[in-house]
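Fold and geometry: a report
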Amino acid sequence: MHALSRRSIRTMILGSVFTLPLMLAGCADDDTTQNFPPLTYTYLSQLHLNVSRIDIVDHAPPGSEAGDISAKAPTTPDQALQEMARDRLIASGSDGTATFTITHASILHEPGGTLKGDMSVHVEVQSPIGAKAGYAEAHVSRSMSPGDQDPESRPVLYALTSQMMQDMNVELEFQVKKSLKDWLVDAGGAPLEGAIQQQNLTGDTPAETPPATSDTAPDAPSAQSSAIPASTATAKKTPAAPDAVFPTGDDDSDTPATDSPEVKARSPQPGVLKLPQP
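This report concerns the structure included in the present document. These figures come from a predicted structure and were not determined experimentally. (Residues numbered from 1 in each chain as written. Predicted model: local features only at pLDDT ≥ 70, side-chain atom pairs only at ≥ 80, totals over all residues. Heavy atoms only, no water.)

Okay, the sheet that holds strand β7 (residues 184-185) next. Taken in spatial order, the 3 strands line up as β3-β1-β7 in an open sheet, and their pairing is mixed. The strands lining the two open edges of the sheet, one partner per strand, are β3 (89-91) and β7. Alignment of strand β1 (residues 47-49) against β7, held across 2 bridges, turns out to be antiparallel. From the neighbouring strand, leucine 49 faces β7, where its bridge partner is leucine 184. The strands touched by helix α3 (residues 77-88) are β1 and β3; relative to β3, the strand with the most contacts, the crossing angle is about 45°. Helix-sheet contacts for helix α4 (residues 154-179) involve β1 and β7, and the interaxial angle to β1 is about 35°. (Pairing = 2+ DSSP bridges. Helix = DSSP H or I, 4+ residues; strand = E, 2+ residues; numbered from the N terminus. Contact = heavy atoms within 4.5 Å. Axes fitted to C-alpha atoms, helices over the stretch in contact; angles between N-to-C directions.)

Pasting the structure below:
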């Protein structure tokens, strides 16, 4: 149905950064001096929305959930989500606004040393008058067992955050293209091919009307043909002035007597019949 499936989007995204988190997580245990590349997403395709402004709202800073250890990560999950929104969601319209809201971003250290990360975001589009016009929501979760590494070490938390962001980039793009396809434009603000096809499909709906019109079309000739006979019948019913000699009709007349029964039934008015003068 959509131009890109989750699998194709995931293939493109993972092909670019698949090995980075694993390489960092396998580095030396001394992570105090280790540099972690910033999590940015300018290398991914941008999603241009037909709005004039995109606001970012963070409702899930580190520590928002009990047991959340995401603050120990070199880049916290909510920071990575904000960067994704800045890099990939672009306002390319002249009016209306969109809001990217982070509702959940946490990493929990569960029993047994397993880490569990969760992320939830949504994009809401508002019309120029502030009415809700579109909505897309994306949620991802991932678990990690770091083995003999410290679950709360910076490399491990960085690796988990990076992997969740890979999943989120896939899911967000899929959901936006699915739920906000009518709001997607190119960098110049022109509708994308998908949006144009949607408009064409909408335009084809009236095209189905001609069959309905053609169904009613025979009624028009029928009404016209019935109108003509009705007019003709009216003309035939109009009696002519009675003949002075043959008031009830002439047998030699070209018109059969049966064609004007009303004329036959009538008698001459008094004074109409006149005898020839000698």
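This part covers the packing of aromatic side chains. Taken as a whole and judged by the stated rule, the model has 2 aromatic pairs. Relative to tyrosine 158, the ring of phenylalanine 36 lies with its centre 5.1 Å away and its plane at 40°, an arrangement referred to as tilted. You can see phenylalanine 36 sitting in the loop between α2 (20-25) and β1 and its partner tyrosine 158 sitting in helix α4, a full 122 residues away along the chain. Pair check on accessibility: phenylalanine 36 and tyrosine 158 agree, each one buried. A ring pair is formed by tyrosine 41 and tyrosine 43, whose centres lie 6.4 Å apart and whose planes are at 45°; its orientation type is tilted. For tyrosine 41, a relative accessible area of 4% translates into the label buried. The ring of tyrosine 135 carries the charged tip of lysine 132 above its face, separated from the ring centre by 4.4 Å. (Phe/Tyr/Trp six-rings, centres within 6.5 Å; stacked < 30°, edge-to-face > 60°. Buried < 20%, exposed > 50% of the residue type's maximum accessible area, 1.4 Å probe, protein only. Lys NZ or Arg CZ within 6 Å of the ring centre and 35° of its normal.)

With that settled, consider the environment of threonine 103. Structurally, threonine 103 can be placed in strand β4 (residues 97-109). Of the residues examined, threonine 103 reaches a relative accessible area of 38% and is grouped as partly exposed. Taking the C-alpha atoms as reference points, threonine 103 and histidine 139, separated by 36 residues in sequence, lie 9.6 Å from one another. For threonine 103, the contacting residues outside a window of four places in its chain are His59, Ala60, Ser120, Val121 and His122.

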